[in-house]
Amino acid sequence: MGLPNTDYKFDTSLSASDMDQFRGSDAASEVKKTSKEQREAISGEPICAVCGRYGEYICDETDDDICSLECKLTLLDRVAIANSQCSSGLPPPQKIAANDECFYVRESDGKSGYISLNNDQTELLRKKLEIHVNEGFLPDPILSFSSCNLPQKLLQNIETAGYAMPTPVQMQAIPVALTGKSLLASADTGSGKTASYLVPIISRCAGFRLQHSTDDRKPLVMILTPTRELCIQVEDQAKLLGKGLPFKTALVVGGDAMAGQLYRIKQGVELIVGTPGRLIDLLTKHEVELDEVMTFVLDEVDCMLQRGFKDQVMQIFRALFQPQVLMYSATVTQDVEKMAKSMARNVVRVSIGEPNRPSKAIKQLTIWVESKHKKQKLFDILTSKKHFMPPAVVYVGSRLGADLLSNAIMVTTGLKVLSIHGEKSMKERREVMKSFLVGEISVIVTTGILGRGVDLLGVRQVIVFDMPCSIKEYIHQIGRASQMGEDGMAIAFVNEENKNLFPELVEVLKSSGAVIPRELANSQYTVHSFPASRGQRKRKYAS
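Throughout, a residue's number is its position along its own chain's written sequence, starting from 1. With the structure being a predicted model, the display of local features is reserved for residues of pLDDT at least 70 and the display and counting of side-chain atom pairs for 80 or more, all residues being used for whole-chain, interface and lining totals. The side-chain values count all of the structure's non-hydrogen atoms but skip hydrogen atoms and water molecules.

Moving on: the overall build of the chain. Scanning the chain for helices and strands turns up 19 helices and 17 strands. In what follows, a contact means two residues having at least one pair of non-hydrogen atoms within 4.5 Å. Considering only contacts within the chain whose residues lie at least 6 apart along the sequence, 72% involve residues at least 24 apart. Computed with a 1.4 Å probe, the accessible areas rest on the Shrake-Rupley method; for each residue, only the protein chains presented here act as cover. About 25000 Å² of surface is accessible on the chain, with carbon and sulfur atoms providing 49% of the total. Strands here mean DSSP runs of E at least two residues long; helices mean DSSP runs of H or I at least four residues long; both are numbered from the N terminus.

Before going further, it helps to spend a moment on helix α6 (residues 228-241). In a helix, the anticipated span is given by 1.5 Å times the number of residues less one. Between its first and last C-alpha, α6 extends 20 Å over 14 residues, near the 20 Å set by a 1.5 Å rise per residue. Burial classes follow relative accessibility: with a 1.4 Å probe on protein chains only, a residue under 20% of its type's maximum area counts as buried, one over 50% as exposed, and anything between as partly exposed. Counting buried positions along α6 yields eleven of 14 residues, so the element is predominantly enclosed. If you check which residues of α6 are buried, you get Arg228, Glu229, Leu230, Cys231, Ile232, Gln233, Val234, Glu235, Gln237, Ala238 and Leu241.

Quick look at the sheet that holds strand β12 (residues 362-368) now. Ordered in space as β12-β17-β16-β13-β15-β14, the six strands form an open sheet in which the pairing is parallel. Two strands in the sheet have a free side with no partner beyond their single neighbour: β12 and β14 (417-420). Within this sheet the neighbouring strands show an average axis-to-axis angle of 20°, counted without direction. Pairing between two strands is assigned when DSSP locates at least 2 bridges connecting them. In terms of strand pairing, β12 meets strand β17 (residues 488-494) through seven bridges, oriented parallel. Across the sheet, residue Trp368 finds its bridge partner in β17, namely Val494. In the packing of helix α15 (residues 471-478) onto the sheet, the strands contacted are β12, β13 (392-395), β16 (461-464) and β17, and the crossing angle to β16 comes to about 150°. Contacts from helix α16 (residues 502-512) reach β12 and β17 within the one sheet, and its direction differs from that of β12 by about 140°. Axis lines are fitted to C-alpha atoms, over the contacting stretch for helices. Their N-to-C directions set the angle, which ranges from 0 to 180 degrees.

With that settled, consider unusual backbone geometry. When glycine is set aside, most residues are seen to have a negative phi, and most peptide bonds are trans. That bond from Pro390 to Pro391 is cis: its omega, -5°, falls within 30 degrees of zero. Relative to the helices and strands, Pro391 resides in the loop between α12 (374-382) and β13. Phi at Asn149 takes a positive value of approximately 60°, unusual for a residue other than glycine. Topologically, Asn149 is positioned in the loop between β4 (131-133) and α3 (152-160). Phi at Asn346 is positive, roughly 50°, even though this residue is not glycine. Along the chain, the position of Asn346 falls in the loop between α11 (334-343) and β11 (348-352). Judged by its relative accessible area of 72%, Asn346 is exposed.

Moving on: the packing of helix α4 (residues 168-178) against helix α5 (residues 193-211). Viewed as axis vectors pointing N to C, α4 and α5 meet at an angle of 30°, and their least axial separation amounts to 9 Å. Put simply, α4 runs roughly parallel to α5. The two elements α4 and α5 meet at a crossing, and its hand is right-handed. Two secondary-structure elements touch here, α4 through Val169, Gln170, Ala173, Ile174, Ala177 and Leu178 and α5 through Lys193, Ala195, Ser196, Val199, Pro200, Ser203 and Arg204. Of the residues belonging to the contact of α4 with α5, the class tally is eight nonpolar, three polar and two charged. Any angle that falls under 35 degrees is termed roughly parallel, while one over 145 is termed roughly antiparallel, one within 65 to 115 roughly perpendicular, and all others oblique. Each crossing gets its hand from how the near helix is turned against the far one by less than a right angle, where anticlockwise is left-handed and clockwise is right-handed. Polar here means any residue outside two lists: the nonpolar Ala, Val, Leu, Ile, Met, Phe, Trp, Tyr, Cys and Pro, and the charged Asp, Glu, Lys and Arg; Gly therefore counts as polar.

Right, let's talk about the sheet that holds β4 for a bit. Strands pair in a sheet through their backbones, by hydrogen bonds, and they do so in one of two ways: parallel or antiparallel. Read from one edge of the open sheet, eight strands run β4-β11-β5-β10-β9-β6-β8-β7, paired in mixed fashion. The open sheet terminates on both sides in strands that have one partner only, identified here as β4 and β7 (249-252). Along the sheet, successive strands turn relative to each other by an average axial angle of 15°, direction set aside. Along the sheet face, α4 touches β4, β5 (183-186), β10 (324-329) and β11 and points at about 170° away from the line of β11.

So, on to the side chain of Asp299. With respect to the helices and strands, Asp299 occurs in strand β9 (residues 295-299). Among buried Asp, Glu, Lys and Arg side chains, Asp299 stands out as unpaired, with Lys193 the closest opposite charge at 6.3 Å. N or O atoms within 3.5 Å of each other form a polar contact, as long as, within protein, one can give a hydrogen and the other can take it, and as long as residues adjacent in sequence are counted only when both atoms are side-chain atoms. A polar side-chain atom of Asp299 sits 2.8 Å from a polar atom in the side chain of Tyr197. Filtering out sequence-adjacent residues up to four positions away, Asp299 remains in contact with Thr194, Tyr197, Leu224, Thr225, Pro226, Leu230, Val234, Met304 and Tyr328. Lys and Arg are tallied as positive, Asp and Glu as negative. Neither His nor the chain termini are counted. Put simply, a salt bridge is a Lys or Arg side-chain nitrogen that is within 4 Å of an Asp or Glu carboxyl oxygen.

Right, let's get into the nonpolar core. To define a nonpolar core, start from buried Ala, Val, Leu, Ile, Met, Phe, Trp, Tyr and Cys residues and group those joined through side-chain atoms within 4.5 Å. One finds Leu183, Tyr197 and Ile223 to be the most contacted residues of the largest nonpolar core, which totals 55 residues. No other element matches α5, which puts nine residues into this core. Setting aside residues no more than four positions away along its own chain, Ile223 makes contact with Tyr197, Leu198, Ile201, Val234, Leu271, Ile272, Val273, Gly274 and Val297.

Orientation of α12 relative to helix α13 (residues 399-413), taken along the N-to-C sense of each, is 55°, at an axis distance of 11 Å. When the axis of α12 is compared with that of α13, the two are oblique. Crossing of α12 over α13 shows right-handed handedness. Residues Lys375, Leu378, Phe379 and Leu382 of α12 touch α13, and the partners they reach there are Leu405, Ala408, Ile409, Thr412 and Thr413. Counted by class, the contact of α12 with α13 contains six nonpolar, two polar and one charged residues.

Turning our eyes to something else, we now look at the packing of aromatic side chains. Ring pairs are drawn from Phe, Tyr and Trp, using the six-membered ring of Trp, whenever the two centres fall within 6.5 Å, and their geometry is named by plane angle: stacked under 30 degrees, edge-to-face over 60, tilted for the rest. The tally for this structure, following the rule as stated, stands at five aromatic pairs. On the basis of an interplanar angle of 55° and a centroid distance of 5.1 Å, the ring pair of Tyr197 and Tyr328 is categorised as tilted. Separated by 131 residues along the polypeptide, Tyr197 in helix α5 and Tyr328 in strand β10 bring together distant segments of the chain. Here the two residues Tyr197 and Tyr328 agree in accessibility, since each one is buried. For the ring pair Trp368 and Phe502, a centre distance of 5.8 Å and an interplane angle of 55° mean the geometry is tilted. Pair noted here: Trp368 is in strand β12 and Phe502 is in helix α16, with a separation of 134 residues, a long-range link. Residue classification places Trp368 among the buried positions, given a relative accessible area of 18%.

Burial of β5 is two-sided: the residues Leu183 and Ala185 facing one way and the residues Leu184 and Ser186 facing the other way are all buried. Relative to β10, β5 is paired through four bridges, and the arrangement is parallel. Within the sheet, the bridge partner assigned to Leu184 lies in β10 and is Met327.

This part is about the side chain of Ser196. By the element assignment, Ser196 lies in helix α5. Here Lys193 takes part through its backbone oxygen, which lies 2.5 Å from a polar atom of the side chain of Ser196. Dropping the residues within four chain positions of it, Ser196 is found in contact with Val169, Gln170, Ala173, Ile174 and Tyr328.

See below:
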């Protein structure tokens, strides 16, 4: 079977091997060239995704059923077009290229199942896509959403949402979550983590509702995130993927009336998405039945620990009856791993790429600039046709700083700019995000509230005006410059005020192959933080 690589580029050309390379010696002598050459499908047989005739083959590019070379080309044209249509605000579909083989031929016994990976192929796939798992029996990674036995309506919704192929984290996390196992997953920002837990959640909820009465609909799943923006985004995506299925949602965040949120839950929902503080407030003041909650999700879990949500999270968790626990983040600390082990036994650990490192798709440019010159340096970048790549996100350290800097940018450069931070009302924040995502403004100045989880689709440039307090937060912020593996640029301003970050920042820059400013490399706070080399230790000892 052709194994995927990570270039994610389409190749719709036909090679000579398209006509004669198959899996197994019992394959037909020649692939059908046109759909007219293929017979009609009979009851129980797979059908072509394009014309509806007998789906004798499986397209190696998409894992869809097809009847001929003609329909393969038509299918790939459709996928290529869908891949280019990202203006809808939805994540672009992922393409995983295969080798020169065009089709996997179905087994000779006429079964409609796909050919599965053997152990060697599974390990090769994981190695190629940098999928790391802990020891023990785990489901194989999936190569298509259709191989998970998902409800047909959910598969249609996944296609509508723009997901042509699963991303690496979705390949491994979805089949694990579908088994009911608890999971701790880490992957780059913008790698599709949200869908990797929503897809199995919606599938399991739909199956549960088919087997049980829907008259008394108690919550089945609870998702916690650290920010209101991320909660809104998660619920919006859940609604999209769950459309047409017995799957209703409730949003529980500050800034909106609690009465309306409670009423929504009482009407019957499968999913509650909320922030820990507001959810604790609701559960304390009102009676909400949680005895049927079977899955508990913590998104951006390391951020919730940093912000002091641990006690609230554990208080909510203790109100549930041994749920499946799914924990996700771009960075995972030892504290997060300890928390996972305290909440569930035999937690499956899945990580994509190098842990706690930025996406390789992000080009990092670190500029040494003194504080008094940072504004001018920012203005120079934003007015440069060579260096400014709108829409862009600028991160600052304070709410007041966000407002002041956005005004300064507008006055100095003439660009359309807005700021967003925690002191703005939910209505204001929604309006700012809408204006930014539809392209009405080219720059948004924000505090850390947009540093976690929120998909800023279309953004390919991030400017870290004020370095955050931790390297983990820096990794999350620059991750906004890359969605679904697309190339992006992250520019960071540093000076002596950020000395506590120097050692870790240098390590991150080294691991990414980024240029390290001379001032940063030679700083006493950088040099003195690393142990002496072997030669240096000998000289020091000899003296």
